[in-house]
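# Per-entry structural report
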Amino acid sequence: MTDFSNTPVVDVEDLSVTFQREGNSIRAVNGISFSLRRGEVLTVIGESGSGKSVMLRTVLGLIPSYARIGGKVQVKGVDIAGLNAEQRSAMRGRDVSMIFQEPATAFDPVYTVGEQIAETIVRHEGTSQITAMARAKDLLDLVAIPSAERRLKNFPHEMSGGMRQRAMIALALACNPSVLLADEPTTALDATVQIQLLVLLRKLQRELDMALIFVTHDMGVAAEISDRVAVMYAGRFVETGTVEDVLLAPTHPYTRGLLSSTVHAGMRGQTLQTITGSPPDLRRLPKGCSFAPRCTQAMDACRLDSPMARQVGGNHMAACLRVGELATA
Amino acid sequence: MLQFVFRRITQVIPILLGVTLVTFALVQIMPGSIADMLVPPSAPQSLKDEINRIYGLDRSLFEQYFLWLGQLLTGNLGVSLVSSRPVAGELFAAMLNTLQITLISAVIGFGLGILFGAISALNAGKWPDRLFTFVSIAGVSVPHYWLAILMVTIFSVQFNLLPAQGMGPAGFPTTWEQWRPMIMPIFTLSLIPMGVVGRLVRASVLEVLSQEFVQALGAKGLRDRQVRMHVAKNAAPAVLAVMGLQFGYLLGGSILVETVFNWPGTGKLLNQAIFTNDMPIIQATVLVLSIMFVLVNLAVDVAQAAIDPRMRR
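Every chain's residues receive numbers from 1 upward, in the order its sequence appears when written. Written order decides the labels, with chains lettered from A and ligands numbered from 1. Two thresholds apply to this predicted model, a pLDDT of at least 70 for residue-level local features and 80 or more for giving and counting side-chain atom pairs, whereas whole-chain, interface and lining totals are computed over all residues. Side-chain metrics in this entry use all non-hydrogen atoms of the structure; hydrogen atoms and water are not considered.

A few words on the packing of helix H5 (residues 87–122) of chain B against helix H13 (residues 266–276) of chain B. Each pair of packed helices can be summarised by the angle the axes make with each other and by the distance between the axes. Residues and elements named next belong to chain B. To get an axis, fit a line to the C-alpha atoms, keeping to the stretch in contact for a helix; angles then go from 0 to 180 degrees between the N-to-C directions. Think of it this way: any DSSP run of H or I at least four residues long counts as a helix, any run of E at least two long counts as a strand, and we number them from the N terminus. Relative orientation of the contacting elements H5 and H13 amounts to 135°, with a least axis distance of 7 Å. Relative to H13, the element H5 lies oblique. The residues of H13 that touch H5, namely those facing Glu90, Leu91, Ala94, Met95 and Thr98, are Thr266, Gly267 and Leu269. Here the residues of the contact of H5 with H13 are counted per class, giving four nonpolar, three polar and one charged. Here is the rule for angles: anything less than 35 degrees is roughly parallel, anything more than 145 is roughly antiparallel, 65 through 115 is roughly perpendicular, and the remaining ranges are oblique. Contacts were defined at the residue level, with two residues in contact if any of their heavy atoms lie within 4.5 Å. When residues are grouped by polarity, Ala, Val, Leu, Ile, Met, Phe, Trp, Tyr, Cys and Pro land in nonpolar, Asp, Glu, Lys and Arg in charged, and all others, Gly among them, in polar.

In terms of backbone geometry, most residues other than glycine have negative phi values and most peptide bonds are trans. Not every positive phi belongs to a glycine, and Asp209 of chain A is a case in point at roughly 55°. Looking at where Asp209 of chain A falls in the secondary structure, it is placed in the loop between helix H8 (191–207) and strand S8 (211–216). Positive phi values are uncommon outside glycine, yet Ser84 of chain B reaches one of about 60°. Looking at the element boundaries, Ser84 of chain B is found in the loop between helix H4 (61–73) and H5. Judged by its relative accessible area of 55%, Ser84 of chain B falls in the exposed class. In this scheme, a residue with accessible area under 20% of its type's maximum is buried, one over 50% is exposed, and one in between is partly exposed, where area comes from a 1.4 Å probe on protein chains only.

This paragraph deals with the pattern of salt bridges. For this analysis, a salt bridge means a side-chain nitrogen from Lys or Arg found within 4 Å of a carboxyl oxygen belonging to Asp or Glu. Across all of its chains, the model carries 23 salt bridges over all chains by this definition. Residue Arg135 of chain A pairs with Glu125 of chain A through a salt bridge whose shortest N-O separation is 3.0 Å. Here the residue Arg135 of chain A occupies a position in helix H5 (residues 129–142), and Glu125 of chain A occupies one in helix H4 (residues 113–125), the gap between them amounting to 10 residues. Given the relative accessible area of 36%, Glu125 of chain A is considered partly exposed. Between Glu90 of chain B and Arg85 of chain B there is a salt bridge; the shortest N-O distance is 3.5 Å. One salt-bridge network, held together by shared partners, links Lys76, Arg94 and Asp95 of chain A.

Each partner contributes to the interface: chain A provides 26 residues, whereas chain B provides 22 residues. Once two parts are put together, the accessible area they lose, assessed with a 1.4 Å probe and summed over both, is termed the buried area. Summed over both partners, the interface of chain A with chain B comes to about 2,100 Å²; 53% of that surface belongs to carbon and sulfur atoms. On the chain A side of the interface with chain B, the three residues burying the most area are Val110, Arg123 and His157 of chain A, jointly 26% of the side's total. Inspection of the region where chain A meets chain B yields two salt bridges. The partner of Glu119 of chain A in a salt bridge is Lys220 of chain B, with the nearest N and O atoms 3.0 Å apart. At the level of secondary structure, the elements contributing two or more residues to the side of chain A that touches chain B comprise helix H2 (85–91), strand S6 (96–99), helix H3 (103–106) and H4 of chain A. Ranked by residues supplied to the side of chain A that touches chain B, first place goes to H4 of chain A with five residues. Across the side of chain A that touches chain B, the residue classes tally to 12 nonpolar, seven polar and seven charged.

Caution is warranted with low-pLDDT regions, since their predicted coordinates should not be read in detail. pLDDT measures the predictor's confidence residue by residue and takes values from 0 up to 100. Of all residues in chain A, 95% attain a pLDDT of 70 or more, and the chain-wide mean is 86. Considering each helix and strand of chain A separately, the mean pLDDT is smallest for helix H12 (residues 323–328) of chain A, with a value of 67, and largest for H4 of chain A, with 95.

Turning our attention to the sheet that holds strand S10 (residues 236–242) of chain A. Residues and elements named next belong to chain A. Taking strand neighbours across the sheet as the criterion, the eight strands line up as S6-S7-S8-S3-S9-S10-S12-S11 in an open arrangement whose pairing is mixed. Where the open sheet ends on each side, the last strands, each with one partner, are S6 and strand S11 (310–313). On average, each strand axis in the sheet is tilted by 20° relative to the strand beside it, whichever way the strands run. Here strand S9 (residues 228–233) pairs with S10 via six bridges, running antiparallel. Following the sheet pairing, Ala230 is matched in S10 by Thr240. H8 contacts strand S3 (41–45), S6, strand S7 (179–183) and S8 of the sheet and is inclined by roughly 155° relative to S8. In this scheme, strands are said to pair when DSSP sees at least two bridges between them.

What follows concerns the nonpolar core. What is meant by a nonpolar core is a set of buried Ala, Val, Leu, Ile, Met, Phe, Trp, Tyr and Cys residues, joined one to another through side-chain atoms within 4.5 Å. Membership of the largest hydrophobic core comes to 79 residues, with the highest contact counts inside it found for Val29, Phe34, Met55, Ile117, Ile169 and Leu181 of chain A. For this core, the element with the most residues is helix H7 (residues 161–173) of chain A, which contributes eight residues. Once you skip the residues sitting within four places of it in the chain, Val29 of chain A turns out to touch Leu15, Ser16, Val17, Gly51, Val54, Met55, Met232 and Gly235 of chain A. Among the nonpolar cores identified, the runner-up in size contains 39 residues, and Ile101, Ala121, Leu189 and Val214 of chain B belong to it.

Residues and elements named next belong to chain B. Between helix H1 (residues 2–29) and H4, the least distance of the axes is 11 Å, while the angle of their chain directions is 120°. When the interaxial angle is binned, H1 and H4 end up oblique. H1 and H4 meet at a crossing whose hand is right-handed. Each of Leu17, Thr20, Leu21, Thr23, Phe24 and Gln28 in H1 lies in contact with H4, whose residues at this interface are Leu61, Gln64, Tyr65, Trp68, Leu69 and Leu72. The crossing is said to be left-handed when, going from far helix to near helix, the turn is anticlockwise and less than a right angle, and right-handed when the turn is clockwise.

As structure tokens, then:
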């Protein structure tokens, strides 16, 4: 008998995604590897356009057919490239499910929230509509929506933003997935609601022993929720490690730039540091390190080859040629 | 929902009153009087006065309107000046004939429009989309009467396959003899609704497909067929609105087609009444067509609200 407790539920190896359209090839993801066991949380931090969302959708097998996928994505030991369309859709929502950024647009406006949750349960477990509705009610209870029975009959527009996002979590949990993907789930919400949701998500993730990939551009959110952090830039992980490693002892110049451009209390009167320039055009990635054109520490060697991840210490890795000098600096 | 239906119905009442007011005013604006119609210009003034008195034309407009409205509510639409028969009976018979071809045209036009539009949207940019886009635009652009005459020239005159004019034996169409004369009018009438609905279905479906929830439906593992059901329900309200309008246009707009094919419906009735200055017929036909237009749109509103809860406010 195979022991699954120690094998990763998600195993991504050298994943690359290229969109080929009208003569352009857009390289959204360029060689990402990571693996995640049940109960682990990986937070991916990056700017808009860094490839975070594309990466999530690839794990979900929900990527347009004109995309070319390289490398390997395994979910619960199954390579998703080997699955046909039906097997892939059977996996979505059952083994892997996703929480979207905008609960306002991620629900179908003309079906009740209860119907939409029950629909997923019926699809994957073939239960009756009545059983599925009863489960949907329990799920709304689980995510702490008050008077769940009544809320089942609500249409999405009849709920507040925070409640809709709770309902979205309930929907994602409907079939006890082993992997939960969250695409900036708190970005569209008020700060107070944000923290409640993070706490809830973290609690549910632990109780249900799920692997969670959490995508955000908010450092505070990352610090709150994660075990491990990966910083993504131009489709690559430029720095990975524990929250303490990456957020308290950042090594890669990009991570440092990101952290110093974050606003927090006690900065009044200081000029905000920004990273000059803008992310590279994914159609024409620079030959060497993608961050070199914006990097204040760049050397000639940086422009020759894309740097491999180097160990900073323990599991703390950074894809930078100057790791040694910068880590101590 | 019930509350919404009730509110919409109460909103329709003033619209219907407005319709009666406009139709009444229409006849007042028209040149000529009933007396001029019925007797030669040389007739003595006393005779004309007598006619005006019989038709109530000597009273104030205000009185005339309410008398007419009162008669309407009892189902009395007046008497034709030409045939001297009650307008209600003539109009009812014509309406049945018109509904016979417009209902079938609507079913065919809407059905093909939905089919073509959906295929186009699901294959956007590919050859089926281009083909159906061409068919739809051609359907909307070709003038009704020109196409009707062209078809008569080809199928009736050249090949003698279909009758150029008229209607088969009266009654619910079951026999080939009844269907044969309907083919060309129905074909002509269904082209525009097919084109308009086809274009709209394509646009609405593409609009819905671009929304994030469609991706979310895929993310929770629904099959393509199930996702398409969601898309259809979301696209339906906009399509229903246009179908309501198109059906209204079909009822009123069949004048040209009915005239070319000599189909004894409301269009032909109205056309004849205009040429013979038969005011009671004109007034009643315009009124009934307008009321049907209003009622069809009421039905569409209710159907839209039943599908999309956001419209119930």
